Number of protein chains: 2
Amino acid sequence: MSALETLITEFARLPGIGRKTAQRLAYHLLQQSRDRMTALAGALETVAERVHPCEGCGQPTEDGTCTICRDPRRDASILCVVEEPSAVAVLERAGVFRGRYIVLGGRLSPLDGIGPESLRVELLDRRLQEGGVVEVILATNSSMEGEATATWLQQLLAPWTEVRVSRLARGLPVGGDLEYVDGVTLNHALTAREALR
Amino acid sequence: MSALETLITEFARLPGIGRKTAQRLAYHLLQQSRDRMTALAGALETVAERVHPCEGCGQPTEDGTCTICRDPRRDASILCVVEEPSAVAVLERAGVFRGRYIVLGGRLSPLDGIGPESLRVELLDRRLQEGGVVEVILATNSSMEGEATATWLQQLLAPWTEVRVSRLARGLPVGGDLEYVDGVTLNHALTAREALR
């Protein structure tokens, strides 16, 4: 395989990138200066070398523990359990959560061969053992697998009777139009409707 | 900037990849084994090191001249001038052209600061000087810039009165539905209609 073919194949292995897009990316980089390609290659190698899961919460970090786990102003009594690091990024950008995270690194998905042993649930367990946890928010996605993962976590948390367990509310997106909301969400929004008075 | 941020920024500089997609790609690679990242990095570096424009036609190659230019079975009397190497890939996949190529490496686009000096028109000139060229097919895209580039090339070719100059036909895509064809294409398809009898 030629060098260009190898690069196209590597690009095409990325999610959401088909063969045509992979070709476009490779040809685009060829048109740029060599430095652009070397910069991307270098960035990849640096990440491969330096970034690993935080010992505390599992999100990617260049240190032993991430900045959130090290931040003494973060409330260690509230844990937010998410599937992926991208969820942490979203929550941090919104700036709405001041507790700490547990990043599972995926969701239960038997069809993809992802069972409990693939998820970083031991981090959650360790935090609970250490004590001081008042609430665990199950912030897995609202997909089928995300819900299954939340149910499974809920069972795991059953022995910790003094710990509050919650789930992110599901309903209409704020600013969203009823017309574009699917039936399942609408059903949930109706069932879980909030009393105004 | 953290290693991960640098990688996301580099991904986001690629065409058609926004910040969100760049994040998704970076997080995806983090979830894979380190080897996947190193493989992509390696592929990029190999291309940056080894691939350069063919001395004959300008398309990317790892040798001095590309396999098409070296192939004695290719008809050197017909040149097909394209904007990008991707066009060569498309034509080769279709297997419909047995001549040789000139890859300009872009199109005239004054707004993007791409003038005649940015295009590899000297390769076309050299081929014409060497003699034996019977026809030049202007296969630049059917976009505004592509058409302008074709017009400009036509002027450049004016002195070569014995060389036939042609342009790829424009019209309905084969198998295409009239309903989905834009007005300009439809107008051209009507004006350039092919007599059946």
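Cut-offs and rules
- Residues numbered from 1 in each chain as written.
- Chains lettered and ligands numbered in written order.
- Predicted model: local features only at pLDDT ≥ 70, side-chain atom pairs only at ≥ 80, totals over all residues.
- Heavy atoms only, no water.
- Core = buried A, V, L, I, M, F, W, Y, C linked by side-chain atoms within 4.5 Å.
- Buried < 20%, exposed > 50% of the residue type's maximum accessible area, 1.4 Å probe, protein only.
- Helix = DSSP H or I, 4+ residues; strand = E, 2+ residues; numbered from the N terminus.
- Contact = heavy atoms within 4.5 Å.
- Least-squares fit on C-alpha atoms with pLDDT ≥ 70 in both.
- Axes fitted to C-alpha atoms, helices over the stretch in contact; angles between N-to-C directions.
- Parallel < 35°, antiparallel > 145°, perpendicular 65-115°, else oblique.
- Nonpolar A, V, L, I, M, F, W, Y, C, P; charged D, E, K, R; others polar.
- Buried area = accessible area lost by both parts, 1.4 Å probe.
- Salt bridge = Lys/Arg side-chain N within 4 Å of Asp/Glu carboxyl O.
- Polar contact = N/O pair within 3.5 Å; in protein donor to acceptor, adjacent residues only side chain to side chain.
- Pairing = 2+ DSSP bridges.

**Student:** Sorry if this is basic, but what is going on with the nonpolar core here?
**Tutor:** For soluble globular proteins, the rule of thumb is that nonpolar side chains tend to be buried together. Counting 44 residues, the largest nonpolar core has F11, L40 and L44 of chain A together with F11, L40 and L44 of chain B as its most contacted members. Every element with two or more residues in this core is listed here: helix 1 (3-12), helix 2 (19-31) and helix 3 (34-50) of chain A together with helix 1 (3-12), helix 2 (19-31) and helix 3 (34-50) of chain B. Contacts of L40 of chain A, omitting those with residues within four sequence positions, involve F11 and L29 of chain A together with L7, E10, F11, L14 and L44 of chain B.

**Student:** Honestly, the relation of the copies chain A and chain B in this entry has me stumped. Any pointers?
**Tutor:** One copy of the chain maps onto the second through a rotation about an axis and a displacement along it. Expressed as a screw transformation, the operator carrying chain A onto chain B has a rotation angle of 180 degrees and an axial translation of 0.0 Å, and the superposed copies differ by an RMSD of 0.0 Å. Such a combination of turn and shift is consistent with a two-fold rotation axis. Relative to the rotation axis, the closest C-alpha in chain A is found at A41 of chain A, a distance of 2.0 Å. With an isologous cut-off of 70% or more, the 100% of interface residues of chain A that recur at the interface of chain B puts this contact in the isologous class.

**Student:** So what exactly am I meant to see when it comes to the packing of helix 2 of chain A against helix 3 of chain A here?
**Tutor:** All names here are of chain A. Across the interface, helix 2 lies against helix 3 with an axial gap of 6 Å and an inter-helix angle of 125 degrees. Overall, the two elements helix 2 and helix 3 adopt an arrangement that is oblique. Two secondary-structure elements touch here, helix 2 through H28, L29 and L30 and helix 3 through R34, R36, M37 and L40. When its residues are assigned to classes, the contact of helix 2 with helix 3 shows four nonpolar, one polar and two charged.

**Student:** Got a minute to help me understand the interface of chain A and chain B in this structure?
**Tutor:** It is common to report an interface's size as the accessible area lost on association of the parts. Taken together, the contact between chain A and chain B spans 44 residues of the former and 44 residues of the latter. Carbon and sulfur atoms make up 68% of the surface buried where chain A meets chain B, a total of about 4000 Å² over both sides. The interface formed by chain A and chain B includes zero salt bridges. At the boundary of chain A with chain B, the tally comes to 10 residue pairs in polar contact (both at pLDDT 80 or more). The biggest single contributor to the side of chain A that touches chain B is helix 3 of chain A, with 13 residues. Class assignment of the residues belonging to the side of chain A that touches chain B gives a composition of 23 nonpolar, 12 polar and nine charged.

**Student:** Would you mind going over the sheet that holds strand 4 (residues 99-103) of chain B with me for this structure?
**Tutor:** Backbone-to-backbone hydrogen bonds join strands into a sheet, with any given pair of strands oriented parallel or antiparallel. Residues and elements named next belong to chain B. Ordered by their spatial adjacency, four strands build an open sheet running 4-3-5-6, and the pairing between neighbours is parallel. The outermost strands of the open sheet, each flanked by one partner alone, are strand 4 and strand 6 (164-167). Taking the axes of each pair of neighbouring strands and ignoring which way they run, one obtains an average angle of 25 degrees across the sheet. Two strands pair when backbone bridges link them, and strand 3 (residues 75-82) and strand 4 are joined in this way by five bridges, in the parallel orientation. Opposite C80, over in strand 4, you have Y101 as the bridge partner.

From the geometry alone we can't say anything about function, so treat these as descriptive.
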